[in-house]
Amino acid sequence: FENRVSEIAKLYEAQGKAVLRKCDPPSRTINVNGRVITTLLKNPFPDFVGVWTTGGGRALFVEAKSTKEPRLSIMCKSGGLTVQQTSALSCWHDAGAAVGVVWEHQMEWRFVGVRQIQKTLLMKRGNQPRKSIRWDEAEKIPTNGVVYMDFLWNLSEMYGVPYKY
């Protein structure tokens, strides 16, 4: 899934729309008695970071999620948007960056903006805040002939930036 997002990012760059790079988690490698052990560390950034060229040079942060169920967990320990990821996305958004989640479920893609995440957390399920977004609540990502899933269009709509096809 992330490889497909990377391919779309390459198309955006070729079209002069955005420069978006996969942000691999940092790692630490140590040698213990001749055995190499690599540990992945917590990544302080979303899956993809970059600059929105046609959006005036605005910072761009995109988290990529794939789920088996038609729900995207938020504020969870693992398997969806973690507490740290949810907090970081909100922080980047509040600082002026364009932020979103590209969500894949059963080979279909949807978009979840940070405002949708915040709105969902304010909803109640009984006495508790909701902790997931249903598939039907996420925005459809349009397709076109050049870019298979055009999530930059969703960001354009969310942030009021004119979209250049």
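Residues numbered from 1 in each chain as written. Predicted model: local features only at pLDDT ≥ 70, side-chain atom pairs only at ≥ 80, totals over all residues. Heavy atoms only, no water.

Pairing in this open sheet of six strands is mixed, and the strands run S1-S4-S5-S8-S9-S13 from one edge to the other. The two strands at the open ends of the sheet, each matched to only one other strand, are strand S1 (19-22) and strand S13 (139-140). Against the sheet, helix H1 (residues 2-14) contacts S1, strand S4 (48-52), strand S5 (58-67) and strand S9 (108-113), and its axis sits at roughly 155° relative to S1. Docked against the sheet, helix H3 (residues 114-122) engages strand S8 (98-105) and S9, running at close to 75° with respect to S9. (Pairing = 2+ DSSP bridges. Helix = DSSP H or I, 4+ residues; strand = E, 2+ residues; numbered from the N terminus. Contact = heavy atoms within 4.5 Å. Axes fitted to C-alpha atoms, helices over the stretch in contact; angles between N-to-C directions.)

A word on unusual backbone geometry. Look at Gln106: it is not a glycine, yet its phi comes out positive at around 50°. Along the chain, the position of Gln106 falls in the loop between S8 and S9. Its relative accessible area of 63% is what places Gln106 among the exposed residues. Even without a glycine there, the phi angle at Met107 is positive, about 65°. (Buried < 20%, exposed > 50% of the residue type's maximum accessible area, 1.4 Å probe, protein only.)

Bringing the pattern of salt bridges into the picture now. A complete count under the given rule lists nine salt bridges for this structure. Note that Lys22 is salt-bridged to Asp24, the shortest N-O span being 3.9 Å. The partner of Arg130 in a salt bridge is Glu137, with the nearest N and O atoms 2.7 Å apart. Residues joined by salt bridges that share partners form a network here, namely Glu2, Lys22, Asp24 and Asp47. (Salt bridge = Lys/Arg side-chain N within 4 Å of Asp/Glu carboxyl O.)

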